[in-house]
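Structural overview for review
Residues per chain, in single letters:
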Amino acid sequence: MSNKAHDEWWRGAIIYQIYPRSFADTTGSGVGDLNGVTSKLDYVASLGVDGIWLSPFFRSPMKDYGYDVADYVDVDPIFGTLDDFDQLVQRAHSLDLKVVIDQVYSHTSDQHAWFKESRTSRDNPTSNWYVWADAKEDGTPPNNWLSVFGGSAWTWDARRQQYYLHNFLAEQPDLNLYDPAVQSALHNVARFWLERGVDGFRLDAINFGMHDRQLRDNPPSVSPFRDLSTPFRMQDQAFNLSQPGMPLMLEHYRQVLDTYGEVFSVAEIGGATPMPTMHAYTRGHRRLSTAYGFEFLSLPELTADAVGSILRSWPNGCDNGWPAWAFSNHDVPRAVSRWLPGVEHERRAELILLLLVSLRGNLFVYQGEELGLPQADVPFERLLDPEAIANWPHTAGRDGARTPMPWERSIENGGFSTAAPWLPVDPLHLSRAVAQQESADDSTLQCFRRLLAVRQKTSALRLGDLDILTAEDGLLSFTRNYEGDIAHCAFNLGDEARPVVQRSAHNLTVVAGAGNVVLNSDRPAELEPYSGFIAVHDSR
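**Thoughts on the overall build of the chain**
Helix and strand counts for the chain stand at 15 helices and 20 strands. A compact globule built from 540 residues should have a C-alpha radius of gyration of about 24 Å, and the chain, at 23 Å, falls within 12% of that. Of all 540 residues assigned to the chain, the portion counted as buried reaches 61%. Within the chain, counting contacts between residues at least 6 apart in sequence, those at least 24 apart form 68% of the total. For the chain, the exposed area adds up to about 20,100 Å²; of that, 50% sits on carbon and sulfur atoms. Treating the 46 positive side-chain charges of the chain as one cloud and the 70 negative ones as another, the clouds have centres 3 Å apart.

Pasting the structure below:
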């Protein structure tokens, strides 16, 4: 680790993801808003996180709930105004919280002014800003590419007499990031928000941003991730994903960011084999700060072998870039509902959080994760997620992870809104509301605060290398080391007691644990089922 790490506020930081629609409603509309976020920032700061990531709040027809952007430089009225955003940033900074916002550069809404002009003719100023292609001789689409949400990734436009590409909904046409004018326009978008004080960007689905210019067919998938209920995953995304031109585009983007100081940038990388792309987008100091994929987000079972395999895929050293990890977010079922289903809920939630804070890299914590919220039950008639509706009942969809944040059990709608919320509040969430957990020292919320405090004051956890000791037979054990600051992290993810592998001669004291691990004691020689600890030694 170079000395530059000391100047990079984001390295090892913990970022709290806020889904504004579901955080807090101050207008009585049933939809959360920016002022609602601002009103809860004291709570967020009390968690011990370093910053917040806001999911999209830009002007949008909301076909994909904000990820279909109609105006990159304005706030959608349902969320408030630009003045409201400025006040949010000011309040966050006064609480020493950084502000990271989503940027959706792979596509826009079909209601964006750029696309409205682009579709009018083949020779207008934005005619090349999207991916247009002629039909085959028989009138069918240019190739076999499929949309993530189902069906062809191509839609016919009668005005241009051409197909346009959309990797997601037909209302989300793909930008042509090969065009220098498009890149320049997106650079101006970044400048707009940086000048309003934001500290970083999450680049949504950025590896969808370039396509194979020959428009070659994708081959069938032979991946173990092949999912017969989702046709998109039946293909190897060889030609509509992670194309070789993207790293150079990111270098140009990074040059813009660097003129504003230490700006954080993180790529969201999808696909069956995202790790090579994650390394490519973050390698060295000329591209993005970090990247995360779906290794943990799509992991069906939490096992020592699986975690070990994921961690080994991002070895130590700056040449490999810097990792980021998320266990839950707005796109996948919550981790506490996916993993260790037979374990008592509080113990399961605390063990998962303990593992998260022990990892090398940046950490993303999704709203409600600190409460141990399970995936909400949303009945079919209340579903709004287009993916869930299209693939029901073969996918859990995203609505169950997007239901309103429960603030207080005894208040209508959990204190989220005075009106009927846009998605229902799960009754099971009310017993885990913030107010209820604030008053209980043994709650998941208070455990989360203690775990974050340990990470924040332990250099080995925040900045150190990670070396695996063992990752098999239910036992995961690794060391973290930063300039002589050492931590030993061990987890028994199985149903039998297991001895702990201890190769360090240092005397280490347990500072965090899950299960019946005793704090402020020597690290144990054996771990009971579904338990873990972090033990530290500071040579200084």
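**Considering the pattern of salt bridges**
The tally for this structure, following the rule as stated, stands at 23 salt bridges. For the salt bridge of R216 with D212, the shortest nitrogen-to-oxygen distance reads 3.0 Å. Accessibility expressed as a relative area gives 37% for R216, which makes it partly exposed. The closest approach of N and O atoms between R402 and D331, which form a salt bridge, is 3.1 Å. Highlighted residues: R402 in the loop between α11 (386-391) and α12 (427-430) and D331 in the loop between β12 (324-326) and α9 (335-338), separated in sequence by 71 residues. The exposure class of R402 is buried, given its relative accessible area of 1%. Each member of the salt-bridge network shares a partner with another, and the members are D64, D331, D385, R398 and R402.

**Observations concerning the environment of D50**
Along the chain, D50 turns up in the loop between α2 (41-46) and β2 (51-54). Measuring from C-alpha to C-alpha, the distance between D50 and L95 comes to 9.7 Å, with 45 residues separating the pair along the chain. Not counting residues within four places of it along the chain, the set of residues in contact with D50 comprises A13, I14, D96, L97, K98, Q456 and R462. A polar side-chain atom of D50 sits 2.8 Å from the main-chain amide nitrogen of I14. Within polar-contact distance, the side chain of D50 engages the side chain of R462 at 3.3 Å.

**Quick look at the pairing of strand β1 (residues 14-18)**
For β1, the tally of buried residues reaches 5 of 5 residues, placing the bulk of the element in the interior. Of the two faces of β1, the one holding I14, Y16 and I18 and the one holding I15 and Q17 are both buried throughout. Here β1 runs beside strand β13 (residues 362-366); their pairing, made up of 4 bridges, is parallel. Each residue of the ladder has a partner; that of I14, found in β13, is L363.

**A short note on the sheet that holds strand β11 (residues 290-292)**
Strand pairing in a sheet relies on backbone hydrogen bonds, with the paired strands running either antiparallel or parallel. Judged by pairing direction, the sheet is parallel, and its 8 strands sit side by side in the order β11-β10-β9-β5-β2-β1-β13-β12 without closing on themselves. Bordering the open sheet on either side are β11 and β12, each of which pairs with just one other strand. Pairs of neighbouring strands in the sheet enclose a mean axial angle of 25°, with direction left out of account. Where strand β9 (residues 200-203) meets strand β10 (residues 264-268), 4 bridges bridge the pair, whose relative direction is parallel.

**Focus: the packing of aromatic side chains**
In this structure the tally under the stated criterion is 34 aromatic pairs. Between F327 and W339 the ring centres are 5.1 Å apart and the planes differ by 75°, which places this aromatic pair in the edge-to-face class. Placement of the pair is F327 in the loop between β12 and α9 and W339 in the loop between α9 and α10 (345-358), with a sequence separation of 12 residues. The exposure class assigned to F327 is buried, which follows from its relative accessible area of 0%. Following the ring pairs from residue to residue traces out a cluster consisting of F57, F58, F85, F192 and W193. A cation sits over an aromatic face here: R213 above Y178, 4.1 Å from the ring centre.

**Observations regarding unusual backbone geometry**
One non-glycine residue, D96, lies in positive phi territory at about 60°. Within the secondary structure layout, D96 lies in the loop between α3 (82-94) and β5 (98-103). Take D96: its relative accessible area is 67%, and that puts it in the exposed class. Even without a glycine there, the phi angle at L340 is positive, about 50°. Along the chain, L340 falls in the loop between α9 and α10. For L340, a relative accessible area of 9% gives the class buried.

About the cut-offs
Going along each chain's sequence as written, the residues are numbered from 1 onward. It should be noted that, the model being predicted, local features are given only for residues of pLDDT at least 70 and side-chain atom pairs only at 80 or more, the latter also being counted only at that level, while totals for whole chains, interfaces and linings use all residues. The side-chain values count all of the structure's non-hydrogen atoms but skip hydrogen atoms and water molecules. We count a stretch as a helix when DSSP gives it H or I for four or more residues in a row; a strand needs E for two or more, and each element gets its number in order from the N terminus. In this description the radius of gyration comes from C-alpha coordinates, and the expected globular size is given by 2.2 Å times residues to the power 0.38. Relative accessibility under 20% of the residue-type maximum defines a buried residue, over 50% an exposed one, and the middle range a partly exposed one, all with a 1.4 Å probe and only protein chains included. By the convention used here, residues are in contact when the closest approach between their heavy atoms is within 4.5 Å. Here the accessible surface of atoms and residues is derived via Shrake-Rupley with a 1.4 Å probe, and residues count as covered only by protein chains that are part of the display. When charges are counted, Lys and Arg are positive and Asp and Glu negative, with His and the chain ends excluded. The atoms used to mark charge sites are NZ of Lys, CZ of Arg, CG of Asp and CD of Glu. Salt bridges are identified by distance alone: a Lys or Arg side-chain nitrogen within 4 Å of an Asp or Glu carboxyl oxygen. Polar contacts here mean pairs of N or O atoms no more than 3.5 Å apart (in protein, one a potential hydrogen donor and the other a potential acceptor; neighbouring residues in sequence count only if both atoms are side-chain atoms). Here a strand pair is declared whenever DSSP counts at least two bridges between the two strands. Axis geometry follows a simple rule: fit a line to the C-alpha atoms, using only the stretch in contact for helices, then measure angles between N-to-C directions, giving values from 0 to 180 degrees. Centres within 6.5 Å are what make two rings of Phe, Tyr or Trp a pair, Trp counting through its six-membered ring; a difference in plane orientation under 30 degrees is then read as stacked, over 60 as edge-to-face, and the rest as tilted. Charge-over-ring placement is defined geometrically: NZ (Lys) or CZ (Arg) within 6 Å of the ring centre, and within 35 degrees of the ring normal.

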